[in-house]
Amino acid sequence: MHEMDQLSTAWFWIVGAIKVLGVFTVVMLAVAYMTLAERRVSAFIQDRLGPNRVGPFGLLQPIADGIKNIIKEETMPGTSAKLYFVLGPALAIMPAVVTFAVIPFAAPLPTPIGRVDMIVADVPIGILYILALSSLAVYGIVLAGWASNNKYAFLGGLRASAQMISYEVALGLSVIAVLLLAGNVTLTEMVAQQQQMKLWFVLPLSLAFIFFVISALAETNRLPFDMPEAESELVTGYHTEYSAMKFSMFFIAEYSHVLTASALMATLFFGGWDIPFWTGDDMFWHEGRLVRGFDDAGAAIPATPSLLITLLTLVSFSAKTAFFVFLYIWIRWTLPRFRYDQVMHLGWKVLLPAALGYIVLIAGAMLVLDQLGVPFGRLYGLVLTGISGATTIAFLFFVDRDRVIGGAHGNRAVARRRAASRVGGSERRAVSG
Amino acid sequence: MTEILFVLFAFVAVGGAIGVVISRTPVASLLFMVTTLAAVGGIYILFEAHFLAAIQVLVYAGAIMVLFLFVIMLLNLGHDYRADLKFGLWSLMALVVSGLTAGILASGFVSLDDNGIRPGGAGVAAELDAALIEKGAAGMIAEPLFTDYVVAFELVGLLLLVAIVAAVVLAKPRT
């Protein structure tokens, strides 16, 4: 099949450059329109109209905002550490815009010059690349907070670093469950494994998905985890002293993180570009050939890549990602903010042990299934779905009992127990006296 | 292309390392160190050791150095460090140690043959290449770690646990 051969080196460079430019442009545009989406959805949730004056339905609002931010006068606080003050937003935005490179966004496209993979860089470390680079994002925030020479900004920076380190652990552990099941770290392979299992990983790994969503919310500093910029306590936290485009860069970084996290949720747990209930788009490598699946005799059926399938899978991937972006916005305008001690409590004392236990459970279940000789497929997935489902219900039940995170009233369960023991004690004393 | 990138990363790594030593502010030193670590990660990628590069950036640049930054910002604000930089016994010892390190590195470099391979190292490289294809980047490191060196690995884990417990005990206020 000539059209599915690898690209020659010259074409590889040209196509690579086009993909870099294209993906970067789309991500930046998506980020711009996510700000509009946030404002319109929040308006809808609060029964307002939101920005609707610039262009039809307010569609040109992000462009107006961009122009405004570029031509605005910039202030430079006199007591700040100048170099680090400028470095802060730059360091914040860099990791945010490069992480999208390893996410596959559609099925491979056959062209006369060879096969074009719909991913900017299919690096062999896949998800580790994203984890490594997003762990650098904290420098921008911490430096911004420190260089501003402002108490609120400094507190915001400190909170950010503590929170991002804490939840990075939980995020990594929730991804480990996916790595165990996929047996690989590249995202392309993860999509392929979900197609081979004929089941999206959200079902066999439901608890890992919940941990991932919670940790991703905390990593992106979004409500209910926006401690670093808690308006009611810290003005706006680490970017209090920033104005104009530098301020804007923090927002671009935050929304790019949200976009990448949403795309990751779609890829790791919802089949990536896979179209549900249809095997025609399935494509994975089997013995050096791109195959769609196996017939009853176990022979490989060759895949049928085409422009139409690439476009359809692109739509599928975009729809899934857009849904998770919407989920982010929905959560932000629904839930109140955690207290700082609650954030730390949830990260270290709930998510970390629970995620560790869950890895042991999944690894044990997989070991038993492998020993029993169950082939990797839908049955394998359904058994894990049952186990994970039961664990998830148990976990949510436990979280819901008010024992994990006490509200402003303190920990109700502990208070009840204390009250009970006090009453019991005084009664005993009364009887003995 | 690989050579150009290698020279670029090498210059950034060495320049960053010099920056760590000569910077006057602790935060600048720290950022130089992060630069060096990231550049070394880049060199690992040129060696096709992707996994090592990711772990380097994830663990050292992304986690340990952030904790350093945390400590510098919380504890070292306004601390007068200049007295520590004066010439003394420490400088002499530092000079000796860095001289020895440079000597060892140079002796290793001199013994390389024309292809940049150490004497008796040609077979090892081929073996490693075969193993890499068979096990993958993560497996190359994980398999010896969990088979040949499992005792040492578990002992290091225990050591870290002891260190964490000790840190908690030290951090708790005495009652």
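Residues numbered from 1 in each chain as written. Chains lettered and ligands numbered in written order. Predicted model: local features only at pLDDT ≥ 70, side-chain atom pairs only at ≥ 80, totals over all residues. Heavy atoms only, no water.

(A) Structural context of the overall build of chain A. A tally of regular secondary structure across chain A gives 14 helices and 5 strands. Whereas a compact globule of 433 residues would reach a radius of gyration of roughly 22 Å, chain A reaches 25 Å, a difference of no more than 12%. Based on the C-alpha atoms only, the size of chain A along its principal axes is roughly 90 × 65 × 40 Å. Partitioning the intrachain contacts of chain A with sequence separation of at least 6 by distance along the chain shows that 75% fall at a separation of at least 24. As displayed, chain A has an accessible area near 20,400 Å², and 69% of this comes from carbon and sulfur atoms. (Helix = DSSP H or I, 4+ residues; strand = E, 2+ residues; numbered from the N terminus. Rg over C-alpha atoms; globule rule 2.2 N^0.38 Å. Contact = heavy atoms within 4.5 Å. Areas by Shrake-Rupley, 256 points an atom, 1.4 Å probe, with all protein chains shown as cover.)

(B) Representation of the interface of chain A and chain B in the model. Every contact between the two is made by 20 residues of chain A and, on the other side, 22 residues of chain B. A buried area of about 1,900 Å², summed over both sides, lies between chain A and chain B, and 86% of it is on carbon and sulfur atoms. Summed over the three residues of chain A that lose the most area to chain B, namely A:Ile125, A:Tyr139 and A:Trp146, the buried surface amounts to 27% of that side. Across the chain A-chain B interface, the total number found is 0 salt bridges. Linking chain A with chain B are 1 residue pair in polar contact (both at pLDDT 80 or more), by the criterion used here. No other element matches the 6 residues that helix α6 (residues 151-182) of chain A contributes to the side of chain A that touches chain B. (Buried area = accessible area lost by both parts, 1.4 Å probe. Salt bridge = Lys/Arg side-chain N within 4 Å of Asp/Glu carboxyl O. Polar contact = N/O pair within 3.5 Å; in protein donor to acceptor, adjacent residues only side chain to side chain.)

(C) Looking closely at the packing of helix α1 (residues 9-45) of chain A against helix α10 (residues 244-269) of chain A. Residues and elements named next belong to chain A. One way to put it is that α1 packs onto α10 with a least axis distance of 9 Å and a crossing angle of 100°. With respect to α10, the element α1 is oriented roughly perpendicular. For the pair formed by α1 and α10, the contact residues are Val 27, Met 28, Ala 30, Val 31, Met 34, Thr 35 and Glu 38 on the first element and Ile 252, Tyr 255, Ser 256, Val 258 and Leu 259 on the second. (Axes fitted to C-alpha atoms, helices over the stretch in contact; angles between N-to-C directions. Parallel < 35°, antiparallel > 145°, perpendicular 65-115°, else oblique.)

(D) Geometry of the confidence of the model for chain B. Of all residues in chain B, 87% have pLDDT values of 70 or greater, and the mean over the chain is 82. The ipTM value of the predicted complex is 0.77, and its pTM value is 0.83. (pLDDT = per-residue confidence, 0-100.)

(E) Region of interest: the pattern of salt bridges. Residues and elements named next belong to chain A. On inspection of all chains with the given rule, the structure shows 7 salt bridges over all chains. Two residues, Glu 38 and Arg 222, come together in a salt bridge whose shortest N-O distance is 2.8 Å. Placement of Glu 38 in helix α1 and of Arg 222 in the loop between α8 (206-219) and α9 (231-234) is noted, with a sequence separation of 184 residues between them. Each member of the pair, Glu 38 as well as Arg 222, is classed as buried. For Arg 115, the salt bridge goes to Asp 117, with nearest N and O atoms at 2.8 Å. Judged by relative accessible area, which is 10%, Arg 115 ranks as buried. Salt bridges sharing common partners tie together Glu 38, Arg 222, Glu 254 and Arg 332. (Buried < 20%, exposed > 50% of the residue type's maximum accessible area, 1.4 Å probe, protein only.)

(F) Examining the packing of α6(A) against α8(A) more closely. Residues and elements named next belong to chain A. Contact pair α6 / α8: the axes reach a minimum separation of 8 Å and the direction vectors enclose 155°. What the angle tells us is that α6 and α8 run roughly antiparallel. Here the hand of the crossing between α6 and α8 comes out left-handed. Listed contacts from α8 to Gln 163, Met 164, Tyr 167, Glu 168, Ala 170, Leu 171, Ser 174, Val 175 and Ala 177 of α6 are Ala 208, Phe 211, Phe 212, Ser 215, Ala 216, Ala 218 and Glu 219. (Left-handed = near helix turned anticlockwise from the far one by under 90°.)

(G) Layout of unusual backbone geometry. Residues and elements named next belong to chain A. The phi dihedral of Phe 57 falls on the positive side, at around 55°, and the residue is not glycine. Turning to its location among the elements, Phe 57 is positioned in the loop between α1 and α2 (61-71). Unlike most non-glycine residues, Lys 198 shows phi in positive territory, near 60°. Mapped onto the fold, Lys 198 is located in the loop between α7 (187-197) and α8.

(H) Spotlight on the sheet that holds strand β5 (residues 300-302) of chain A. All names here are of chain A. Pairing in this open sheet of 3 strands is antiparallel, and the strands run β3-β4-β5 from one edge to the other. Looking at strand neighbours, the two that pair on one side only are β3 (284-286) and β5, the edges of this open sheet. Averaged over all neighbouring strand pairs, the angle between strand axes comes to 70°, with direction disregarded. As defined by bridge partners, β3 adjoins strand β4 (residues 289-294) across 3 bridges and the pair is classed as antiparallel. By the bridge assignment, Phe 284 is partnered in β4 with Val 291. (Pairing = 2+ DSSP bridges.)

(I) Structural view of helix α2 (residues 26-46) of chain B. Between its first and last C-alpha atoms α2(B) spans 30 Å; for 21 residues at 1.5 Å apiece the expected length is 30 Å, and the two agree. If you check which residues of α2(B) are buried, you get B:Val27, B:Ala28, B:Ser29, B:Leu30, B:Leu31, B:Val34, B:Thr36, B:Leu37, B:Ala39, B:Gly41, B:Gly42 and B:Ile43. For α2(B), the secondary structure elements touched by its buried residues are α3 (82-98) and α5 (137-147) of chain A together with α1 (2-22) and α3 (50-75) of chain B. One or two residues past the end of α2(B) sits B:Glu48, with phi positive at roughly 65°. (Expected span 1.5 Å × (residues − 1).)

(J) Layout of a nonpolar patch on the surface. Residues and elements named next belong to chain B. Together, Val 151, Leu 155, Leu 158, Leu 161, Val 162, Val 165 and Val 169 make up an exposed nonpolar region whose accessible area comes to about 680 Å². Positionally, Val 165 belongs in helix α6 (residues 150-171). Among the residues examined, Val 165 registers a relative accessible area of 47% and is labelled partly exposed. (Patch = residues over 30% accessible without salt bridge, like charges linked within 9 Å, V, L, I, M, F, W, Y side chains within 5 Å.)

(K) Focus on the pairing of β4(A). All names here are of chain A. Counting the residues that bridge the hairpin from β3 to β4 gives 2 residues, and of these Glu 287 lies at a positive phi of roughly 50°. Sheet analysis places β4 next to β5, joined by 3 bridges and oriented antiparallel. Within the sheet, the bridge partner assigned to Phe 294 lies in β5 and is Ala 300. Once β4 ends, the chain turns through 5 residues before running back antiparallel as β5, passing Gly 298 with a positive phi of about 95°.

(L) Examining the packing of aromatic side chains more closely. Under the defined criterion, the tally for this structure stands at 19 aromatic pairs over all chains. In textbook terms, an aromatic cluster arises when at least three aromatic residues are bridged by ring pairs, as seen for A:Trp200, A:Phe209, A:Phe212, A:Phe269, A:Phe270, A:Phe323 and A:Phe324. (Phe/Tyr/Trp six-rings, centres within 6.5 Å; stacked < 30°, edge-to-face > 60°.)

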